Amino acid sequence: MAQSTGNGGGGDYKTFAGAGFGTLMVQLAAGSKETPKSASSRAYLRDGLPSLYAEGDFGMRFVGALETLLDPIVAMLDSLPEHFDPDYAPRDILNLLSAWLGVDLDESQAIAVQRDTIRRAAELGRRRGTKGGLELALSLAFPGVPLRVEDDGGIVWSADGQRVESKPAQFVVYCDKPVTEDVQAAIARCIEQFKPVHTAYRLRVKAPKKKPPES
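In every chain, residue numbers begin from 1 and rise along the written sequence. Reporting in this predicted model follows two pLDDT cut-offs: at least 70 for local features of residues, and 80 or more for side-chain atom pairs to be given and counted; totals over whole chains, interfaces and linings ignore these cut-offs and use all residues. Only hydrogens and water are set aside when side-chain values are computed; all heavy atoms of the structure are taken into account.

Some thoughts on the overall build of the chain
As a reminder, the rule being used: Secondary structure follows DSSP: runs of H or I at least 4 residues long count as helices, runs of E at least 2 residues long count as strands, and numbering of each begins at the N terminus. Residue burial is assigned from relative accessible area. The probe radius is 1.4 Å, only protein chains are included, and a residue is buried under 20% of its type maximum, exposed over 50%, and partly exposed in between. Throughout, a contact is declared for two residues whenever any of their heavy atoms are within 4.5 Å.
The number of helices and strands found in the chain is eight helices and six strands. Helices and strands appear in the chain in the N-to-C order β-β-β-α-α-α-α-α-α-α-β-β-α-β. In the chain, which comprises 215 residues, the proportion classed as buried is 25%. Residue pairs at least 24 apart in sequence account for 48% of intrachain contacts in the chain once pairs closer than 6 positions are excluded.

Digging into the packing of helix H7 (residues 131-141) against helix H8 (residues 181-194)
Put simply, the test is: Here the axes come from fitting lines to C-alpha atoms, over the contacting stretch only for helices, and the angles between their N-to-C directions go from 0 to 180 degrees. Each crossing is labelled by how the near helix is turned from the far one, with a counterclockwise turn of less than a right angle marking it left-handed and a clockwise turn marking it right-handed.
One way to put it is that H7 packs onto H8 with a least axis distance of 10 Å and a crossing angle of 145 degrees. The handedness of the crossing between H7 and H8 is right-handed. Here Leu-134, Ala-137, Leu-138 and Ala-141 of H7 lie close against H8, whose contacting residues are Ile-187, Cys-190, Ile-191 and Phe-194.

Quick look at H7
H7 sits mainly inside the fold: eight of its eleven residues count as buried. Gly-132, Gly-133, Leu-134, Leu-136, Ala-137, Leu-138, Leu-140 and Ala-141 are the residues of H7 that are buried. Buried-residue contacts for H7 involve helix H5 (111-119), helix H6 (121-126), strand S4 (147-151), strand S5 (170-175) and H8.

Quick word on the pairing of strand S6 (residues 200-205)
Our working definition: One bridge is not enough; two strands pair if DSSP finds at least two bridges between them. For a crossover, the right-handed case is the one in which the path from the first strand over the helix to the second runs clockwise, viewed with the strands pointing away from the viewer.
Pairing of S5 with S6, which is carried by six bridges, proceeds in the parallel orientation. Residue pairing for S6: Phe-171 is matched across the bridge by Tyr-201. In this fold, S5 hands off to H8, which returns the chain to S6; that crossover is right-handed.

Remarks on the packing of helix H4 (residues 91-101) against H5
Basically, it comes down to this: All amino acids are sorted into three groups, where Ala, Val, Leu, Ile, Met, Phe, Trp, Tyr, Cys and Pro are nonpolar, Asp, Glu, Lys and Arg are charged, and the leftover types, Gly among them, are polar.
Two numbers describe how H4 lies on H5: the axes approach to 10 Å, and their chain directions differ by 35 degrees. The interaxial crossing formed by H4 with H5 has left-handed handedness. Contacts between H4 and H5 pair Arg-91, Leu-94, Leu-97, Ser-98 and Leu-101 from the former with Ile-111, Gln-114, Arg-115 and Ile-118 from the latter. Class assignment of the residues belonging to the contact of H4 with H5 gives a composition of five nonpolar, two polar and two charged.

Some remarks on the sheet that holds S6
Ordered by their spatial adjacency, three strands build an open sheet running S4-S5-S6, and the pairing between neighbours is mixed. Two strands lie at the open edges of the sheet, namely S4 and S6, each paired on one side alone. Strand-to-strand twist of the sheet, defined as the mean angle between neighbouring strand axes without regard to direction, takes the value 20 degrees. On top of the sheet, H7 reaches S4 and S5; it is set at about 165 degrees to S4, its chief contact. The sheet strands contacting H8 are S4, S5 and S6, and the helix crosses S6 at an angle near 155 degrees.

With respect to the pattern of salt bridges
Using the following cut-off: Only one rule defines a salt bridge in this text: a Lys or Arg side-chain nitrogen within 4 Å of an Asp or Glu carboxyl oxygen.
Evaluated as defined, the whole model comprises six salt bridges. A salt bridge links Arg-120 to Glu-123, with the shortest nitrogen-to-oxygen separation between them at 2.9 Å. Since its relative accessible area comes to 22%, Glu-123 is described here as partly exposed. Between Glu-123 and Arg-127 there is a salt bridge, and its shortest N-O distance comes to 3.2 Å. Taken together, the shared-partner salt bridges connect Asp-87, Asp-116 and Arg-119 into one network.

What to know about the nonpolar core
Among soluble globular proteins, nonpolar side chains are generally buried collectively. This is how the line gets drawn: The definition of a nonpolar core used throughout is a set of buried Ala, Val, Leu, Ile, Met, Phe, Trp, Tyr and Cys residues joined through side-chain atoms within 4.5 Å.
Core analysis: the largest hydrophobic core is formed by 19 residues, its most contacted members being Leu-134, Leu-138, Phe-142, Cys-190 and Ile-191. Those elements that provide at least two residues to this core are H7, S5 and H8. Those residues in contact with Cys-190 that lie beyond four places of it in its chain are Leu-134, Ala-137, Leu-138, Ala-141 and Phe-142. Ala-89, Ile-93, Leu-97 and Ala-121 belong to the second largest nonpolar core, which has eight residues in total.

Now the structure itself:
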């Protein structure tokens, strides 16, 4: 069986050729410097090996294979707190957080708006069903849209002590700049989600300026 040595292909190889056996390429390795690189800079397995095994090729290659498999898992565990931080969470984890906190995210909104909504979910839940809670929800969902909530209020009284039926509670949400119909629909969905259940509302959107007729 003949053999030859060369550096073709970017490394030192020894070629073994034999009739009926094809060609086998074996890369030479000498010590830990030639072992596969770990998937991260931890190298927590190879650094914990006794020197007897750390100096051997087989032990380092075996541990290197384990590091390649385990390091991504360890990296995930190391960054687990950030995975559940609204500022850094991936989109699928963000949806999971919204389900845990009882917040319905609008997927048509920007990801930054969704993150801010999750971040303030506790405050939204505490103020849900109030005027302040609705104003907060609208400001989070539509940061560039001037929205204001006005409550009609009202007092009922009777001079003769008879029971007087009160009007249903209602309020008006004003949008002080023209917006598209899609934005109007999104605002209405947000109001329905955060308004008091027993109340009715009206959404009034400023009409766009009419262009002067051409002369």
